[in-house]
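This is what each chain is made of:
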Amino acid sequence: MYLPPHDPHVDDPMRFKPLFRIHLMERKSATVECMYGHKGPHNGHIQIVKKDEFSTKCNQTDHHRMSGGRQEEFRTWLREEWGRTLEDIFHEHMQELILMKFIYTSQYDNCLTYRRIYLPPSSPEDLIKPGLFKGTYGSHGLEIVMLSFHGKKAKGTKITGDPNIPAGQQTVEIDLAHPVQLPDVENLRDFSELSRIVLEVQEQIRREQQGQEQQQEEEEDHSQPAAKPLGGEDAEEEETTAGAEGTCQDKATGSQPFVLPMGVISRNEDYPRSCRICFYGTGLIAGHGFTSPERTPGVFVLFDDDRFGFIWLELKSFSLYSRIKVSFQNAEAPSREAFEEMLKNIQSLAT
């Protein structure tokens with residue numbers, strides 16, 4: 001199991017923890033050992049469910065128990081998972097979320113189902129190389145997100161989840177056709193100024209979508225619509241979009257000063273103080289148990305080839321993401337269609 005570094009150190013390397021191992025013996029027989037817990041390897045079982053899916057089961061779960069009971073198990077898990085004790089965490093809401101996560105993860109006792117995931121395919125047009133990133137999620141700690149590009153959209157899909165948003169859900173969506181021009185640093189410190197700029201872009205997107213829907217309705221009403229003259233509204237619109245994309249590419253190679261607005265909470269104060277380009281985006285928020293999910297406006301901030309951020313306007317919160325630089329073998333998707341299908345599958349499993 002690959003574990004993220006301790007919160008909020010997103011630039012630290014991933015941690016590695018063995019969960020099971022297989023001993024291949026003579027005459028093609030094999031033994032399986034569960035590595036979970038602190039009492040050493042013990043008897044386990046692996047079953048191939050179907051293609052790209054298998055399950056593990058521990059046959060001696062008593063090896064996972066500690067002499068001090070659940071309290072000692074919780075304290076040990078807290079040191080390993082968070083690198084601190086509960087006394088170090090003063091925020092009651094955070095204590096509650098951490099306890100929920102411990103109860104949720106420890107109940108499985110290494111009886112788990114594994115499904116293959118593919119790394120996202122890349123193309124020369126991508127803003128940066130797609131892949132896996134560690135991200136800060138407030139009191140939830142660090143989580144793993146997969147960044148992938150889909151034409152004029154980019155998607156951040158949760159590979160690990162939390163009590164609010166489960167793994168498989170699309171945590172952020174970035175609209176690459178709508179860059180956000182940040183004000184100068186002094187005005188950027190004013191949250192209301194950033195909010196005004198972002199909501200203006202949101203309104204612009206709403207009007208564009210409304211115009212496209214009306215155009216579709218008109219085309220459906222007329223079986224043979226009159227051809228529009230060259231250089232009409234459509235040509236202007238395409239020109240504007242192309243111009244915006246050209247501007248995006250130009251700015252992506254430069255840099256501008258960046259600072260978080262006053263009042264925006266960040267787990268990691270060591271974020272970059274300059275960025276390449278920003279885009280309008282939406283972030284998924286929900287109550288415990290993925291109740292009342294909704295997409296809310298925000299700003300995607302590209303810092304460099306390996307780091308980006310997202311400002312959640314409604315939460316007044318900032319997430320910092322750093323690339324996972326682990327080489328995963330045989331993780332490439334056989335085709336873009338296979339990757340898209342995998343994304344749909346993991347989202348349906350989460351839902």
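Residues numbered from 1 in each chain as written. Predicted model: local features only at pLDDT ≥ 70, side-chain atom pairs only at ≥ 80, totals over all residues. Heavy atoms only, no water.

So, about the sheet that holds strand β6 (residues 53–58). Sheets are built from strands that pair by backbone hydrogen bonding, the pairs being arranged parallel or antiparallel. Pairing is antiparallel in the open sheet, where five strands are placed in the order β3-β4-β5-β6-β7. Of all strands in the sheet, those with a lone pairing partner are β3 (20–24) and β7 (112–115), marking the two edges. Neighbour-to-neighbour, the strand axes of this sheet turn through a mean angle of 35 degrees, independent of strand direction. Judged from the two bridges that link them, strand β4 (residues 30–34) and strand β5 (residues 42–50) form a sheet pairing that is antiparallel. Across the sheet, Glu33 pairs through a bridge with Asn43, a residue of β5. (Pairing = 2+ DSSP bridges. Helix = DSSP H or I, 4+ residues; strand = E, 2+ residues; numbered from the N terminus. Axes fitted to C-alpha atoms, helices over the stretch in contact; angles between N-to-C directions.)

The subject of this paragraph is the side chain of Asp126. If you trace the backbone, Asp126 turns up in the loop between β7 and β8 (131–136). Lacking a salt bridge, the buried Asp126 has Arg336 as its closest oppositely charged neighbour, with an N-O distance of 5.4 Å. Contact partners of Asp126, with chain neighbours within four places excluded, come to Pro121 and Phe149. (Buried < 20%, exposed > 50% of the residue type's maximum accessible area, 1.4 Å probe, protein only. Lys, Arg positive; Asp, Glu negative; His and termini not counted. Salt bridge = Lys/Arg side-chain N within 4 Å of Asp/Glu carboxyl O. Contact = heavy atoms within 4.5 Å.)

Time to look at a negative patch on the surface. A cluster of acidic side chains, namely Glu213, Glu217, Glu218, Glu219, Glu220 and Asp221, defines a negative patch on the protein surface. Secondary-structure assignment places Glu217 in helix α4 (residues 191–221). The exposure class of Glu217 is partly exposed, given its relative accessible area of 48%. (Patch = residues over 30% accessible without salt bridge, like charges linked within 9 Å, V, L, I, M, F, W, Y side chains within 5 Å. Areas by Shrake-Rupley, 256 points an atom, 1.4 Å probe, with all protein chains shown as cover. Charge placed at Lys NZ, Arg CZ, Asp CG, Glu CD.)

Okay, the environment of Lys50 next. On the secondary structure map, Lys50 appears in strand β5. Given the relative accessible area of 53%, Lys50 is considered exposed. Along the chain, Lys50 and Arg115 lie 65 residues apart, while their C-alpha atoms are 9.6 Å from each other.

What the rule picks out here adds up to 25 salt bridges. Taking the shortest distance from any N to any O, the salt bridge between Lys17 and Glu80 comes out at 3.9 Å. A residue pair is termed long-range when its members are at least 10 positions apart, and Lys17 in the loop between β2 (15–16) and β3 and Glu80 in helix α1 (residues 69–82) qualify at 63 residues. Between Arg70 and Glu73 there is a salt bridge, with the nearest N and O atoms lying 3.2 Å from each other. Separated by three residues within a single helix, Arg70 and Glu73 lie in helix α1, roughly one turn from each other. Arg70 sits in the partly exposed class, given a relative accessible area of 41%. By relative accessible area, Glu73 is classed as buried at 10%. In this structure, a network of salt bridges that share partners links the residues Arg65, Arg70, Glu73 and Asp109.

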